Amino acid sequence: MRKKKVRLEKLTVEDYAAGGKSLGRVEGKVVFIEGAVPGDVVDVQLGKNKKDWAEGRVERFHSYSKDRVDPFCEHFGTCGGCKWQMLPYEKQLEYKQQEVEQQLRRIGKVEIPAVLPIIGCKDTRYYRNKLEFTASNRRYLSAAEIKSGAEILPENALGFHVPRLFDKVIDIQNCHLMAEPTNLIKNTIRAYAAANQLEYYDIREHRGFLRTLLIRVLTTGEVMVNLVFGREDKKARIALLDHLLARVPGITTLLYTINAKFNDSLHDQEPIVYFGKGYAVEQLEDFQFKISPKSFFQTNTRQGERLYQITRDFAELTGKETVYDLYCGTGSIGIFVSRKAAKVIGVEVIEDAIADAKENAALNNIKHAAFFAGDVIDICDNSFFSTHGRPDVIITDPPRAGMHEKLVQKILEIGAPTVVYVSCNPSTQARDLGLLDAGYMVTKVQPVDMFPHTHHIENVVQLKKRNYV
Ligand SMILES: C[S@@+](CC[C@H](N)C(=O)[O-])C[C@H]1O[C@@H](n2cnc3c(N)ncnc32)[C@H](O)[C@@H]1O
């Protein structure tokens, strides 16, 4: 039998909760709410309803929080990109700061010093250096469009996926996440495709020509574009690429990829250079980084620089230290701290990233850094540490899932005097700090906001080995 849906009426939203949600309380039960901010009074349709907590979505607003501001983007509400636009930036920062504190105390259950004030972005729009747009013949239609009953054309969309609807794409006209020529490139392709009846990709049927569009706009002025097609049509492809180059003079590198497989991931695909050198270069302080079409690089350049500066400060280097950069990606943290270290050893699972790391070290004339490809838990064994030297500082920057428990145990066993833990997910960081507590104490906590108008937080923690403190 289907459970009856529960609807809560006139609930006052009291506070922010993890993951961009907010919360209210009904008879002692905590209700997590999507789509509201503290101060709103709302009706909530519950999805999950457990003994101590429930979770639901806003059905109706009775009144709005006085903290709300008008969202700046025409796509707000459907696009999943900048969900916190209705909050002033200072409020966003306040909630992020609070979340770091709560996660570390509640999940980590470790003693922490006062959390340093979160470092906000100077630019809260156009802060990204990479965006990926999807071309789809299943455009997302708003409720008003559907209600109107009118025939709706076009069905094609070049934009972002709608949250929770894998096959629906919002046609994005003007995105505020990355500087121009981002919108110019996207809108030029859209207009050309319409005029020449180019086929958009069908995500359900897995067929079609225009598939995805990846753009990088870097602070060095370089612009790299990779246009992905679902099948080859040489004549149509060349005509489109030439048109794009003619209309958008700022493009420094243009690549294309023919991706005929079922998913959009490009890790196993080969982008082909159509124009330019085939990669782009970004700069942090006076370090240069080569970014290949498939490389990972911090998506907010200016704030990435701040993040690395904090990481370097927390490492407290004097020039004599052996530094391990675990989960090193393209070696950017290791390279950034290298001038203050005697030796840098980087470890990363993606082989292409390690190839980039080696190239980046050479590009910056750094000779005392070495990079190794493989899983951290396979590579970082006793013989690896005895071959490359006992670490004075370990910098670790794992993915959202946090560190593998085996690596945490190895860090405890190796006992570097200082560990700097950079995290994009304070809840898994908190869990790992709880485990590291056996040998380390948390001495500094610095949240950094890399992604304004989203709930994502980056957090840097300094740990000191207990008998060194
Ligand atoms: C958050 S990124 C950090 C990248 C880099 N530190 C930077 O700032 O650009 C995490 C990195 O960990 C790598 N990774 C994930 N699991 C891994 C594992 N088990 N062993 C080694 N590297 C791993 C990912 O490929 C990714 O490059």
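This one's a predicted model, so the numbers in the text were calculated from it and none came from an experiment.

1. Focus: the sheet that holds strand β16 (residues 322-326)
Taken in spatial order, the 7 strands of this open sheet run β18-β17-β16-β19-β20-β22-β21, and their pairing is mixed. Each having just a single partner strand, β18 (369-373) and β21 (440-448) make up the two edges of the open sheet. Between one strand axis and the next, the sheet turns through 15° on average, direction left out of account. Those strands touched by helix α1 (residues 89-108) are β21 and β22 (458-465), and its axis lies near 160° from that of β21.

2. Structural notes on the domain arrangement of the protein chain
The domains assigned to the protein chain are domain 1 (7-63), domain 2 (91-123 + 300-468) and domain 3 (130-284). A separation of 35 Å is found between the C-alpha centroids of domain 1 and domain 2. Of the residues assigned to the side of domain 1 that touches domain 2, the class counts are 2 nonpolar, 2 polar and no charged.

3. Examining the environment of Gly-159
Structurally, Gly-159 can be placed in strand β8 (residues 157-162). The sequence separation of Gly-159 and Asp-233 amounts to 74 residues, and the corresponding C-alpha distance is 22 Å. Not counting residues within four places of it along the chain, the set of residues in contact with Gly-159 comprises Phe-133, Thr-134, Val-169, Ile-170, Asp-171 and Ile-172.

4. Describing the site of the ligand
What surrounds the ligand is a group of 18 residues, the closest being Tyr-327, Gly-329, Val-349, Val-376 and Asp-397. Of all the secondary-structure elements, those providing two or more residues to the shell around the ligand are α6 (332-337) and β17 (343-348).

5. Re the nonpolar core
Membership of the largest hydrophobic core comes to 98 residues, with the highest contact counts inside it found for Val-225, Val-323, Ile-394, Ile-395, Val-419, Val-420 and Val-460. Examining the composition of this core, we find that 6 residues originate from one element, strand β11 (residues 223-229), more than from any other. For this core, the two domains that each supply at least three residues are domain 2 (91-123 + 300-468) and domain 3 (130-284). Ignoring anything within four residues of it in the chain, the contact list for Val-460 reads Leu-307, Ile-310, Thr-311, Phe-314, Val-420, Val-422, Gln-446 and Val-448. Membership of the second largest hydrophobic core comes to 13 residues, among which are Leu-11, Val-13, Val-37 and Trp-84.

Criteria and cut-off values
Residues numbered from 1 in each chain as written. Predicted model: local features only at pLDDT ≥ 70, side-chain atom pairs only at ≥ 80, totals over all residues. Pairing = 2+ DSSP bridges. Helix = DSSP H or I, 4+ residues; strand = E, 2+ residues; numbered from the N terminus. Axes fitted to C-alpha atoms, helices over the stretch in contact; angles between N-to-C directions. Contact = placed C-beta atoms within 7 Å. Domains from an automatic or database assignment. Nonpolar A, V, L, I, M, F, W, Y, C, P; charged D, E, K, R; others polar. Near = placed C-beta within 6 Å. Core = buried A, V, L, I, M, F, W, Y, C linked by C-beta atoms within 7 Å. Buried ≥ 20, exposed ≤ 12 C-beta atoms within 10 Å, placed from the backbone.

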